[in-house]
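Observations on chain architecture
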Amino acid sequence: MTYQIMVVDDEFYAVQGVTQGIEWVNLGIEQVYEAYDAEEAKERLLESRIDVMICDIEMPNMNGLELINWVKEHSPWTETIFLTGHADFSYTRTALQAGSFDYMLKPFDYDELQVVVGRALKKIQESREAQSFHEVQQRYYSLFQTHKPLLEEKFWQDLLARRIPPSRSSLESLIALYELGFSPESCVLPVLISVELWKKELSARDEDIMEYALRNAAGELILASEDGAVLQDRSGNNLVLFYLPPEPSYNMSSLAQRCEHYIRSCNEYFFCDLSCYMGEATEFGSFLEMYVQLLEAERSNVTLSNRVIPLDEHRESSGQALLIPWVSGISVLFDLGSREDVKRKLDDIFAMLEAEPSLTIETLESSYHALLHMVFQVFHKRGFTLQEVFAPRDLSDSASATRSLLQFKAWCYRIILNGMDFILHNEKGEASVIHKISSYIDEHLREDITREQIAEYVHFNPAYLSRLFKKETGSSLTDYILAKRMEKSKDLLVSSQLKIGDIAEIVGYENIPYFTKMFKKSTGRTPREYRKEQTASI
């Protein structure tokens, strides 16, 4: 770090004595300037960055004390050391009050002056370092503020993916680190946005862009000016989260109206059908359970579209269909692959059943059949059979399994946890569903294949299916079907003498010009050009 100083005195020899009497380079000073009155000093201060000014107090026209007042306004970084022949204490006090760094009497000792200048330079160095640190801190703080929404989204993604334990200590440290707009005592009210149908063909990239637009619209129309966040979790679920004070009293009717307005706007401007699943205000410790319940509400809805669906409405419909209140959520936890969460869910279920004074054998038998049906559905969707895992007695001896609550509890844990272990360790899961979808597309290329048809075939909610397929393959269903059709077309063009119109019909295109357009978009050639080129190369 280098510095510049200036010596100001109306006496020529006094200036020369200071500038020539010390080896300034040893202090890191690269330039020493001279000035013989205040006006010349001011000109130099305006032209150059002077770090230290060694100045005589007694000068004609403008003395050193008047000069330092000007310096404080026009060159505030300059440290001033006064030289004077007056030993009067009032002079010293006035000089220090004016803001000088130090005060020395003439004649001065060169070594002492060098020490004083060194101290002034050390102060300047510390000030520069502090300023540099402040500038770096401000720059990165600005970057931090710019990227804060991404950090907030990451916090929620990690929490929902169970990478963050929902303990108070973990939450406090992360909330402080990311400067988030809530506290561990806050409640969170979630709204799950489920896209049920895109009314235009979209590539995977276009879907990402449109979902980004949907989230922005949700921020304006659903969250509005309230505290919260709009984000996408790691599974592709779009969520609106409201940050509420402890024990909140929230106007759910107003929220439902905003969601309805949002749905109508998305129908009109984003060419899609979607529904909003409204959760309930919950503490952090219970939020993951609320999140799973919303996912289950979405998965179990196969008939309602463009609706606002409160969670209590789903609970009522689920209870009426299953006749028991506790199966909801288990199948979602299977999909999430969280064995510990399944076990905790079972613990909660049986704690509730053990505390139920009116528990009957009929209730256990009803629960037995409902749970067995749920496990069957989970296995069926993954391409497994129950017989691959369970003994015949486990699947048919309800009398033995429901003889007592303890026996029923043991049966439930065995069926659910063993079933989950089998799914997790047989490397199929979603892959088997993807294989079934691929086979279905291959067999129905001639038809107008829709996402809803495929979802019905594999027994999935259409919105859930789209996210699952994109997560596993990196491609949207629309892109995948188009790729399959183009692949089949190229094969037929090379291996057969079929007319191009016949090939178009085989792969699901009744309009030959449209088939030609899509083929050229995919390959860069027309079908005729492709056939000619490939045939010539054989």
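This report concerns the structure included in the present document.

Strand order in this open sheet of 5 strands is 2-1-3-4-5, and the pairing throughout is parallel. What marks the edges here is a single partner per strand, and that holds for strand 2 (29-35) and strand 5 (102-105). Between one strand axis and the next, the sheet turns by 20° as a mean value, whatever way the strands run. In terms of strand pairing, strand 4 (residues 79-84) meets strand 5 through 4 bridges, oriented parallel. Residue Leu83 lies in a different strand from strand 5, and its bridge partner there is Met104. Strands strand 3 (52-56) and strand 4 of the sheet are contacted by helix 3 (residues 64-74), whose axis makes an angle of about 155° with strand 3.

The biggest cluster of nonpolar side chains holds 30 residues, and the ones touching the most others in it are Phe155, Trp156, Phe182, Leu239, Leu241 and Phe284. Looking at this core, the elements with two or more residues in it are helix 5 (110-160), helix 6 (168-178), strand 6 (187-198), strand 7 (228-232), strand 8 (238-244) and helix 9 (284-300). It is helix 9 that provides the largest number of residues to this core, a total of 9 residues. Not counting the four nearest positions on each side in its chain, Leu241 is found in contact with Trp156, Val188, Leu189, Pro190, Leu223, Asp227, Gly228, Ala229, Leu231 and Phe287. Phe384, Cys412, Ile416 and Ile423 belong to the second largest nonpolar core, which has 29 residues in total.

Where strand 1 (residues 3-8) meets strand 2, 6 bridges bridge the pair, whose relative direction is parallel. Within strand 2, the position partnered with Gln4 by the bridge is Gln31. In this fold, the crossover linking strand 1 to strand 2 by way of helix 1 (residues 12-21) has right-handed handedness.

All right, on to the environment of Glu207 then. Among the structural elements, Glu207 can be located in helix 7 (residues 204-223). Residues Glu207 and Ser476 lie 269 residues apart in sequence; the distance between their C-alpha atoms is 8.0 Å. Ignoring any residue separated from it by four or fewer positions in sequence, one finds Glu207 in contact with Trp198, Leu202, Lys470 and Ser476.

The next subject is the packing of aromatic side chains. Counted under the stated rule, the structure contains 22 aromatic pairs. Ring pairs connect the aromatic residues Phe155, Trp156, Phe182, Tyr243, Phe284 and Phe287, which therefore count as one cluster. The ring of Tyr457 has Lys436 lying over it, and the distance from NZ or CZ to the ring centre is 5.7 Å. Taking NZ or CZ as reference, Arg485 lies 5.6 Å from the ring centre of Tyr509, over its face.

Time to look at the packing of helix 20 (residues 477-495) against helix 22 (residues 512-523). When two helices pack together, their arrangement is given by the angle between the helix axes and the distance between those axes. At a closest axis distance of 11 Å, the pairing of helix 20 and helix 22 adopts a crossing angle of 95°. Classified by the angle their axes make, helix 20 and helix 22 are roughly perpendicular. Note on element contacts: helix 22 touches helix 20 through Phe515, Met518, Phe519, Ser522 and Thr523, opposite Leu482, Met486, Ser489, Lys490 and Leu493. Its residues assigned to classes, the contact of helix 20 with helix 22 shows 6 nonpolar, 3 polar and 1 charged.

Let's shift gears to the state of the cysteines. Chemically, a disulfide is nothing more than a covalent bond linking the sulfur atoms of two cysteines. Per the counting criterion, the structure on display carries 0 disulfides. Unpaired in this structure, Cys266 has its nearest cysteine sulfur neighbour in Cys272, at a distance of 5.2 Å. What makes Cys266 buried here is its relative accessible area of 0%.

The next thing to look at is the packing of helix 7 against helix 8 (residues 252-269). Where helix 7 meets helix 8, the axes come as close as 9 Å, and the angle between the chain directions of the two elements is 145°. In this structure, helix 7 meets helix 8 at a crossing whose hand is right-handed. Residues Leu214, Ala217, Ala218, Leu221, Ile222 and Leu223 of helix 7 form the contact with helix 8, whose own contacting residues are Leu255, Arg258, Cys259, His261, Tyr262, Ser265 and Cys266. Considering only residue class, the contact of helix 7 with helix 8 consists of 10 nonpolar, 2 polar and 1 charged.

Moving on, we get to the pattern of salt bridges. Inspection of the entire model under this criterion finds 22 salt bridges. In this structure, the salt-bridge partner of Arg128 is Asp51, at a minimum N-O distance of 2.7 Å. Of this pair, Arg128 sits in helix 5 while Asp51 sits in the loop between helix 2 (38-47) and strand 3, placing them 77 residues apart in sequence. Owing to a relative accessible area of 25%, Arg128 belongs among the partly exposed residues under this scheme. Judged by relative accessible area, which is 3%, Asp51 ranks as buried. One salt-bridge network, in which partners are shared between bridges, spans Lys154, Asp158, Arg163 and Arg234.

About the thresholds
Residues numbered from 1 in each chain as written. Predicted model: local features only at pLDDT ≥ 70, side-chain atom pairs only at ≥ 80, totals over all residues. Heavy atoms only, no water. Pairing = 2+ DSSP bridges. Helix = DSSP H or I, 4+ residues; strand = E, 2+ residues; numbered from the N terminus. Axes fitted to C-alpha atoms, helices over the stretch in contact; angles between N-to-C directions. Contact = heavy atoms within 4.5 Å. Core = buried A, V, L, I, M, F, W, Y, C linked by side-chain atoms within 4.5 Å. Buried < 20%, exposed > 50% of the residue type's maximum accessible area, 1.4 Å probe, protein only. Right-handed = clockwise from strand over helix to strand, strands pointing away. Phe/Tyr/Trp six-rings, centres within 6.5 Å; stacked < 30°, edge-to-face > 60°. Lys NZ or Arg CZ within 6 Å of the ring centre and 35° of its normal. Parallel < 35°, antiparallel > 145°, perpendicular 65-115°, else oblique. Nonpolar A, V, L, I, M, F, W, Y, C, P; charged D, E, K, R; others polar. Disulfide = S-S within 2.5 Å. Left-handed = near helix turned anticlockwise from the far one by under 90°. Salt bridge = Lys/Arg side-chain N within 4 Å of Asp/Glu carboxyl O.

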